[in-house]
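# Structure assessment
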Amino acid sequence: MRTIRTLFLAASLSASLLSCQKRMNTEVVSGSAVLTLGGASLQTRVTDVLSADESRIERWAYWVFNRSGHAVKCGMETGTSSKVSLPTGFYTVVVLANYPTSGIRTIPIRVDVTIDALLDRTSDLSDNARNCFVMKGDASVIIEEGKTVPIEVQLTRLVSKIGVKKISVAYSKSALATKTTILKGVYLTNLYRSSRYGSDYTYSELEATRTKWYNLMGWHRWESDPADGAIDALAGDCELNVHLSASSPYTRSHYFYCYPNASRKENDSHGLETWTIRSTRLVIETEVDEKTYYYQIQIPPMRRNTPYVAEEVVIRELGSQDPEDIVPGSLEVIFNTNVQGWQGDYSIEEES
């Protein structure tokens, strides 16, 4: 009798365990998502930079966040896509590309992070290169039982793009027309070094601390501000030495890259004595009769992944003696802002 009872209890326990396992299997159902990258890529050739360079992805990582904003999965990729299995439900996917892998700004690819904490992390302008721009994108996805959902994450570069396509000389005074004008360089000044991954800084969030900026009030104006070769490579061409004349304009396009500066024209400053928050400028440096003259194009409040392009600048008078000063009427600018940003496909470099 005891043996029969023991067998009955064992059978009951086994049935109970099977029932529990069956309930667990029905309660935790899953599907998957296939992540691919889409987004921005400029379609035209630029100085020393091909569109393939501007859109190149050296590495990318993803985080999958649940409704409460906590990561449930993450991973690092170098290929063109990644398949992720998840329980059914609603998720937000965040992708970062070309992020730093060493130093204090290294991005930890771990699940012990919230979406707010990840997007609040910052990048320095020096984290970028002309063939490796830091990018960010996000997308939402609903995972259904047994289904594979394709999801394209649209990435955008954190940098803005500033350029000039043509520089002409048309002096209003005939005496100047006979003189030799040498184009010495084209470069950016007053660059804000930092950008959040999640969103651009507003004007009220900009900090006046000098170390937060680069090329303050000129190209390496202050010896106390250390030079950074990585930023210099993004921000200027300083040894052009090209002769300009009315019949021989300079038609080589130059493009530079910086993090958005939200400074507004009404808050701008051109004071020469001390540093204050001010707008980013595209500076054209020339030489006439062995004297240096500067012309500046003030860049409006910028947005990431957006180009600000001067189609043509025409030199009308001698410029200022300081890159922060302005001579009214010395420069005519035909300015075009493409607020659509850079659009296109990515060039993925896969590891062999």
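The structure this text deals with has already been given above.
All residue numbers refer to positions counted from 1 along the written sequence of the respective chain. Where totals are concerned, whole chains, interfaces and linings use all residues; where local detail is concerned, this predicted model gives features only for residues with pLDDT of at least 70, and gives and counts side-chain atom pairs only at 80 or more. Side-chain numbers come from the whole structure's heavy atoms, not from hydrogens or water.

## Thoughts on the environment of Cys258
What counts, and what does not: A run of H or I in DSSP becomes a helix once it reaches four residues, and a run of E becomes a strand once it reaches two; helices and strands are each numbered from the N terminus. Each residue is assigned to one of three classes by its accessible area relative to the maximum for its type, calculated with a 1.4 Å probe on protein chains only: buried under 20%, partly exposed between the two thresholds, exposed over 50%. When checking whether two residues touch, look at their non-hydrogen atoms; a contact exists if any pair is within 4.5 Å.
Here Cys258 shows up in strand 18 (residues 254-258). With a relative accessible area of 0%, Cys258 lands in the buried category. Separated by 130 residues in sequence, Cys258 and Asn128 place their C-alpha atoms 9.1 Å apart. Once residues lying within four places of it in the same chain are set aside, the contact partners of Cys258 are Leu125, Val159, Ser160, Ile162, Leu188, Leu191, Thr280 and Met302.

## Quick look at the layout of surface pockets
Put simply, the rule reads: As defined here, a cavity is a set of points on a 1 Å grid over the protein atoms alone where a 1.4 Å probe fits but cannot get out. A pocket is an open set with protein on both sides within 12 Å along at least five of seven lines, and residues line them when an atom is within 4 Å of a point. Grid points are joined across faces, edges and corners, and a volume is the space filled by probe spheres set on the points. The nonpolar class holds Ala, Val, Leu, Ile, Met, Phe, Trp, Tyr, Cys and Pro. Asp, Glu, Lys and Arg form the charged class, and all remaining residues, Gly among them, are polar.
The calculated volume of the largest pocket comes to roughly 250 Å³. In terms of lining, the largest pocket is formed by 14 residues, of which the most central are Gln296, Ile297, Gln298, Ile326 and Val333. Elements with a minimum of two residues in the lining of the largest pocket: strand 20 (291-298) and strand 22 (331-337). In terms of residues, the lining of the largest pocket owes the most to one element, strand 20, which gives five residues. Of the residues belonging to the lining of the largest pocket, the class tally is eight nonpolar, four polar and two charged.

## Considerations on the packing of aromatic side chains
The cut-off we apply is this: Two rings from Phe, Tyr or Trp (for Trp, the six-membered ring) form a pair when their centres sit within 6.5 Å of each other. Planes less than 30 degrees apart are called stacked, planes more than 60 degrees apart edge-to-face, and all others tilted. For a ring to carry a charge above it, either NZ of a lysine or CZ of an arginine must fall within 6 Å of the ring centroid while also lying within 35 degrees of the normal to the ring plane.
Taken as a whole and assessed by the stated rule, the structure comprises five aromatic pairs. With a centroid separation of 4.9 Å and an interplanar angle of 70 degrees, the aromatic rings of Tyr192 and Trp213 are classed as edge-to-face. Of this pair, Tyr192 sits in strand 13 (residues 191-192) while Trp213 sits in strand 15 (residues 213-214); the two residues are 21 residues apart in sequence, bridging distant segments of the chain. On the basis of relative accessibility, which here comes to 3%, the residue Trp213 falls in the buried class. Clustering of aromatic rings is evident, with ring pairs tying together Tyr192, Tyr201, Trp213 and Trp275. Lying across the ring of Tyr255, Lys161 places its NZ or CZ 4.2 Å from the centre. The ring centre of Trp222 lies 5.1 Å from the NZ or CZ of Arg210, which sits over that ring.

## Focus on the pattern of salt bridges
Oppositely charged side chains can pair when the atoms bearing their charge come close. Basically, it comes down to this: Just to be clear on terms, a salt bridge is a Lys or Arg side-chain nitrogen sitting within 4 Å of an Asp or Glu carboxyl oxygen.
Applying the stated criterion across every chain yields a total of 22 salt bridges. A salt bridge links Arg210 to Asp225; the shortest N-O distance between them is 2.9 Å. Here Arg210, found in the loop between strand 14 (194-196) and strand 15, pairs with Asp225, found in the loop between strand 15 and helix 5 (229-235); they are 15 residues apart in sequence, far enough to count as distant. Judged by relative accessible area, which is 23%, Asp225 ranks as partly exposed. For Glu324, the salt bridge identified is with Arg278, shortest N-O distance 2.6 Å. Of this pair, Glu324 sits in the loop between strand 21 (307-315) and strand 22 while Arg278 is found in the loop between strand 18 and strand 19 (281-288), placing the two residues 46 residues apart along the sequence. A relative accessible area of 1% means that Arg278 is categorised as buried.

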